[in-house]
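# Observations on chain architecture
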Amino acid sequence: AQSVTQPDIHITVSEGASLELRCNYSYGATPYLFWYVQSPGQGLQLLLKYFSGDTLVQGIKGFEAEFKRSQSSFNLRKPSVHWSDAAEYFCAVAVVYGGSQGNLIFGKGTKLSVKP
Amino acid sequence: SQTIHQWPATLVQPVGSPLSLECTVEGTSNPNLYWYRQAAGRGLQLLFYSVGIGQISSEVPQNLSASRPQDRQFILSSKKLLLSDSGFYLCAWSEDRGQETQYFGPGTRLLVL
């Protein structure tokens, strides 16, 4: 069965430091992969997505993610974290039915705290 | 541009009472619509999705139901709420084509007492 694992429940980094959030997926075919961010009490905002092509994708707010098929990973990175990046981050994989995307399967999220 | 609304933002209901949460999408036609529940520490769980008016697929059997009376309206209901129904309910939409991305509403916080 398809699944997404985010091994880190909570990460704390200092403002200005680099960030990497891990995501591993289990899916038999080429995955469609997403990263979303959620501020407290808010909905989810799409940061970036990977469908095909260049394995390094750029997103909003200075985030990027790299798809590594050999490692079944899609880790999210940011070179310099800002205090406003404190939020919860969700990785997701789309389950594809036929030629169309079906439903999203989400990881359990990684909560990011930023120290001043 | 497309926008998605959810109503109400917060709701406190007694056990056994009915529930109706509404989600509406503007700026698109024939979207795919989704209802998710987010419980603390448990990530997002897909409850229902709809590819058109009157077409509802249920992912998890429970005391909740969904309806789509209009193209851009998606309603989540219950006849009798349980304590375990407490959580954050998120509605999402996507375009009706392959490789579409899901876009989420602001959510409804439900507390069942």
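A quick note: this is a predicted structure, and the numbers were derived from the prediction, not measured. (Residues numbered from 1 in each chain as written. Chains lettered and ligands numbered in written order. Predicted model: local features only at pLDDT ≥ 70, side-chain atom pairs only at ≥ 80, totals over all residues. Heavy atoms only, no water.)

### Section: the sheet that holds strand E1 (residues 3-7) of chain B
All names here are of chain B. Just so we agree on the cut-off: For two strands to count as paired, DSSP must find a minimum of two bridges between them. Put simply, DSSP marks the helices as runs of H or I at least four residues long and the strands as runs of E at least two long, and each gets a number from the N terminus on. Here the axes come from fitting lines to C-alpha atoms, over the contacting stretch only for helices, and the angles between their N-to-C directions go from 0 to 180 degrees.
One open sheet accounts for four strands, arranged E1-E3-E8-E7; its pairing is antiparallel. At either margin of the open sheet sits one strand with a lone partner, and together these are E1 and strand E7 (64-70). For this sheet, the mean inter-axis angle between neighbouring strands, taken without regard to orientation, is 20 degrees. Looking at chain direction, strand E3 (residues 19-26) and strand E8 (residues 73-78) are connected through six bridges and run antiparallel. Note that in E8 the partner of Glu 22 across the bridge is Ile 75.

### Examining the pattern of salt bridges
Heads up, the condition is: A pairing counts as a salt bridge when a side-chain nitrogen of Lys or Arg comes within 4 Å of a carboxyl oxygen of Asp or Glu. When a residue's accessible area, from a 1.4 Å probe over protein chains only, is under 20% of the maximum for its type it is buried; when over 50% it is exposed; and in between it is partly exposed.
The full count for this structure, using the stated rule, is six salt bridges over all chains. In this structure, Arg37(B) and Asp85(B) form a salt bridge, with 3.5 Å as the shortest nitrogen-oxygen distance. On the criterion of sequence distance, the pair formed by Arg37(B) in strand E4 (residues 32-38) and Asp85(B) in the loop between E8 and strand E9 (87-94) is long-range, its members being 48 residues apart. Asp85(B) carries the same exposure label as Arg37(B), and that label is buried. One continuous salt-bridge network, built from bridges that share partners, spans Glu64(A), Glu66(A) and Arg77(A).

### Here we look at the interface of chain A and chain B
Size of an interface, as often reported, equals the accessible area lost when the parts are brought together. This is how it is decided: Residues count as neighbours in contact if any of their non-hydrogen atoms are within 4.5 Å of one another. Each of two parts loses accessible area, computed with a 1.4 Å probe, when they are put together; buried area is these two losses added. Polar contact criterion, stated in full: a pair of N or O atoms within 3.5 Å, where within protein one must be able to donate a hydrogen and the other to accept it, and residues adjacent in sequence count only if both atoms are side-chain atoms. In this classification, the charged set is Asp, Glu, Lys and Arg, the nonpolar set is Ala, Val, Leu, Ile, Met, Phe, Trp, Tyr, Cys and Pro, and all remaining amino acids, among them Gly, are polar.
Listed as interface residues are 21 residues of chain A and, on the opposing side, 22 residues of chain B. Overall, the association of chain A and chain B removes approximately 1,600 Å² of surface from exposure, summing both partners, and the carbon and sulfur fraction of that is 52%. In this assembly, chain A and chain B are joined by zero salt bridges. Run the count over chain A and chain B and you get four residue pairs in polar contact (both at pLDDT 80 or more). Going through the elements one at a time, strand E5 (32-38), strand E6 (44-50) and strand E11 (100-106) of chain A are the ones with two or more residues in the side of chain A that touches chain B. Here the side of chain A that touches chain B takes six residues from E11(A), the largest share from any one element. Of the residues that constitute the side of chain A that touches chain B, the class distribution is nine nonpolar, 10 polar and two charged.

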